[in-house]
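Summary of structural features
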Amino acid sequence: MQPSKERESSDGDPMDDLDDLLDDDLMDGGGGSTAGADDSSDAESVGRTGSETGGSGRGRVGMDGRWFSAKSFVVALVAVAIGVFAGGAIPIIGGTIGSAAGVFLAAFLVGLVLSARRYVETGLAGAAAGAGTAVTSVLGVGFLPIGVDYLQQWGLPLLAVGGGLGLGLALLGHYFGRDLRAGLTADIGG
């Protein structure tokens, strides 16, 4: 059994909420709550959660949501779009490989710059960029009616592969950016 974790930061991370719920379930044996001693700990955890969000009533999804933030999504989408354009403009390795590298690098920079974890927003931006790159690559090759015919036959699998590749690269880039940020901001213990 694990003791409840005390939070040191007020990021309002949904994974911390999940950890608290799991810790509370483990503390009372995984069963339902019993009357008496557990009521005070539940009230304490609700009060602690409310004070951490600042009492502003910030939701989980919205402009500044804890699980999905529209502002962070726009930042990630713009960064990934710039990365795809810059990566595709590289003369020798441009095209699909350069665009994929641009998605990774942009997600890396988003993870390095933003203080909160924004995997959902960055992943969605990367998936959109990957799917868009896959479609434009097909339409840009050869004669337009041939590309449209190819998209009619293979459009959904192409979108799935392109979106999946973009999602994977964006999540990986964001993870490495967050890891570097944690390494740069951590105190050196002696």
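Whatever comes next refers back to the structure up there.
Summarised in this report is the structure supplied together with it. (Residues numbered from 1 in each chain as written. Predicted model: local features only at pLDDT ≥ 70, side-chain atom pairs only at ≥ 80, totals over all residues. Heavy atoms only, no water.)

Under the counting rule described, the total for this entry stands at three aromatic pairs. On the basis of an interplanar angle of 40 degrees and a centroid distance of 5.7 Å, the ring pair of F68 and F73 is categorised as tilted. Owing to a relative accessible area of 22%, F68 belongs among the partly exposed residues under this scheme. Following the ring pairs from residue to residue traces out a cluster consisting of F104, Y175 and F176. (Phe/Tyr/Trp six-rings, centres within 6.5 Å; stacked < 30°, edge-to-face > 60°. Buried < 20%, exposed > 50% of the residue type's maximum accessible area, 1.4 Å probe, protein only.)

A few words on the packing of helix α3 (residues 70-88) against helix α5 (residues 119-139). For the pair α3 and α5, interaxial distance at closest approach is 8 Å and the crossing angle is 35 degrees. Helix-helix and strand crossings are classified by hand; for α3 and α5 the assignment is right-handed. Residues S72, F73, A76, L77, V80 and V84 of α3 form the contact with α5, whose participating residues are E121, T122, L124, A125, G126, A129 and T133. Taken together, the residues of the contact of α3 with α5 sort by class into eight nonpolar, four polar and one charged. (Axes fitted to C-alpha atoms, helices over the stretch in contact; angles between N-to-C directions. Helix = DSSP H or I, 4+ residues; strand = E, 2+ residues; numbered from the N terminus. Left-handed = near helix turned anticlockwise from the far one by under 90°. Contact = heavy atoms within 4.5 Å. Nonpolar A, V, L, I, M, F, W, Y, C, P; charged D, E, K, R; others polar.)

We now examine the environment of K71. On the secondary structure map, K71 appears in helix α3. In this structure the C-alpha to C-alpha distance between K71 and E121, which are 50 residues apart in sequence, comes to 9.2 Å.

A few words on the side chain of R178. Within the secondary structure layout, R178 lies in helix α6 (residues 144-185). On the basis of relative accessible area, R178 is assigned to the buried category, the value being 17%. Apart from the residues lying within four places of it in its own chain, the contact partners of R178 are G111, L112, L114, S115, A116, R117 and Y119.

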